[in-house]
Amino acid sequence: MEYLSPDQIRARSAGCRAEMETLLAARAVAGKPKARQWRFFRDALEALLSGGHSSEFDTIPRVQAAQLKFEVEDKLRRFYLRPGRAPEFVFTLARQSELGLYGLEDGCKYPELAGYCLLVRDLSEDGIGEAPGKREDTAPYLEKVVAACIDAEFAAYAALPEIRLDEVERWFRADGPAYRDIRNLVTRRQRRGWVISNAMNPSTKRLLGVKVKKADGSEATVATSEYWYLRWWGNRENTYVYPYRETNHQLYVLRKDPDGWRVCENLRPPPRSSAPSRWRSKREKPSGRGVT
């Protein structure tokens, strides 16, 4: 599931345009397909396919462009995780300055619109959709489950100071160590009064790459490359108390039960982020998504 180069995308231009029109015609995605964010989305594809395409967004302020990008990405992410028709192409908007994180060369002269590039994956042969019945169709579905797990974990942190684990319980096995790690971390953060939901908090995460390493009838392992930025705010201290910023490789162990595939374990390296001196003096060590 690598991202296509600009030349590869242009060679599939008809399919990409057809997929975009299908997306914009879906009420679950674009209730108002002529709204500004969807015009931005459409123009990003035209900039990619046509090169010198002129757009109303060529001189848009970067803050407005970032908001439009967020609105498009949020809707697309939710749509791609829904069961139903398997898309032939999956679209992602990314900052031009971050192309290297997606496996694209910085010097590839990737067309951009207001500092953002439309990346494309070709899933016409793999597909994404309902849980497959055939073994050879399992990989795209497992990748989708892992992506949903990552979203659920971030949502649990973003919900603090409330503890909301509904989505985590949906995608993680309740008897597995990965679920317990998230539950325990959320509980500790609540006790300390740490949140990422304060105004203007820049916390984010992104799945950069995903690949199924092994899959049989009951167990699978999926490797990922992920970027996480969790800037924890202390409500008691009234200041930021710990920044967790990591790009790393992780391994997910999934098991199949009667309700489908769920993550049991999440194996990841300890964070390289340094703990503040006051914690080091107490011999507290960083683990998980930051200091425990």
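All figures in this text were calculated on a predicted structure; none of them were measured in a lab.

Looking at the nonpolar core
At step 1: By size, the foremost hydrophobic cluster in this structure holds 41 residues, and its most contacted members are F41 and F91.
At step 2: When contributions to this core are tallied by element, the ones reaching two or more residues are α2 (13–25), α3 (36–50), α4 (62–80), β1 (89–95) and β2 (116–122).
At step 3: Broken down by element, this core gets its largest block of residues, seven residues, from α3.
At step 4: Discounting chain neighbours no more than four positions away, the residues touching F91 are C16, E19, M20, L23, F41, E73, L76, Y80, L118, L119 and V120.

Topic: the pairing of strand β5 (residues 219–234)
At step 1: Burial runs high along β5: 13 of the 16 residues are buried.
At step 2: Pairing geometry for strand β3 (residues 194–195) and β5, over two bridges, is antiparallel. What sits directly across from V195, in β5, is W233.
At step 3: Pairing between strand β4 (residues 204–215) and β5: ten bridges, direction antiparallel. Looking at the pairing, V210 lines up with T224 of β5.
At step 4: The hairpin turn running from β4 into β5, its antiparallel successor, is three residues long.

Focus on the packing of helix α5 (residues 138–158) against helix α7 (residues 177–192)
At step 1: Where α5 meets α7, the closest approach of the two axes is 10 Å, and the angle between their N-to-C directions is 15 degrees. Relative to α7, α5 is oriented roughly parallel. The element α5 and its partner α7 pack so that their crossing is right-handed. Across the interface between the two elements, E153, A156 and Y157 of α5 pack against I182, L185 and V186 of α7.
At step 2: When grouped by side-chain class, the residues that make up the contact of α5 with α7 number five nonpolar, no polar and one charged.

Concerning the packing of α3 against α4
At step 1: Running from amino to carboxyl end, α3 crosses α4 at an angle of 90 degrees, the nearest separation of the two axes being 9 Å. Here α4 runs roughly perpendicular to α3, going by the angle between their axes. Between α3 and α4, the contacting residues are R36, Q37, W38, F40 and F41 on the first element and Q64, A65, L68, E71, V72, K75 and L76 on the second.

Looking at the confidence of the model for the chain
At step 1: Predicted confidence across the chain gives a mean pLDDT of 83, with 83% of residues reaching 70 or more.
At step 2: Considering each helix and strand of the chain separately, the mean pLDDT is smallest for helix α8 (residues 277–280), with a value of 41, and largest for β3, with 96.
At step 3: Confidence over residues 126–136 falls short of pLDDT 50; this stretch has 23 contacts with residues more than four positions distant or in other chains.
At step 4: Note that pLDDT drops below 50 for residues 274–286; the model gives that stretch 22 contacts with residues more than four away or on any other chain.

Details of the pairing of strand β7 (residues 260–267)
At step 1: In terms of burial, β7 is largely enclosed, as six of its eight residues are buried.
At step 2: With seven bridges connecting them, strand β6 (residues 239–257) and β7 associate as antiparallel partners. In the sheet register, R255 faces β7, and the bridge partner there is R262.

Conventions we followed
- Residues numbered from 1 in each chain as written.
- Predicted model: local features only at pLDDT ≥ 70, side-chain atom pairs only at ≥ 80, totals over all residues.
- Heavy atoms only, no water.
- Core = buried A, V, L, I, M, F, W, Y, C linked by side-chain atoms within 4.5 Å.
- Buried < 20%, exposed > 50% of the residue type's maximum accessible area, 1.4 Å probe, protein only.
- Helix = DSSP H or I, 4+ residues; strand = E, 2+ residues; numbered from the N terminus.
- Contact = heavy atoms within 4.5 Å.
- Pairing = 2+ DSSP bridges.
- Axes fitted to C-alpha atoms, helices over the stretch in contact; angles between N-to-C directions.
- Parallel < 35°, antiparallel > 145°, perpendicular 65-115°, else oblique.
- Left-handed = near helix turned anticlockwise from the far one by under 90°.
- Nonpolar A, V, L, I, M, F, W, Y, C, P; charged D, E, K, R; others polar.
- pLDDT = per-residue confidence, 0-100.

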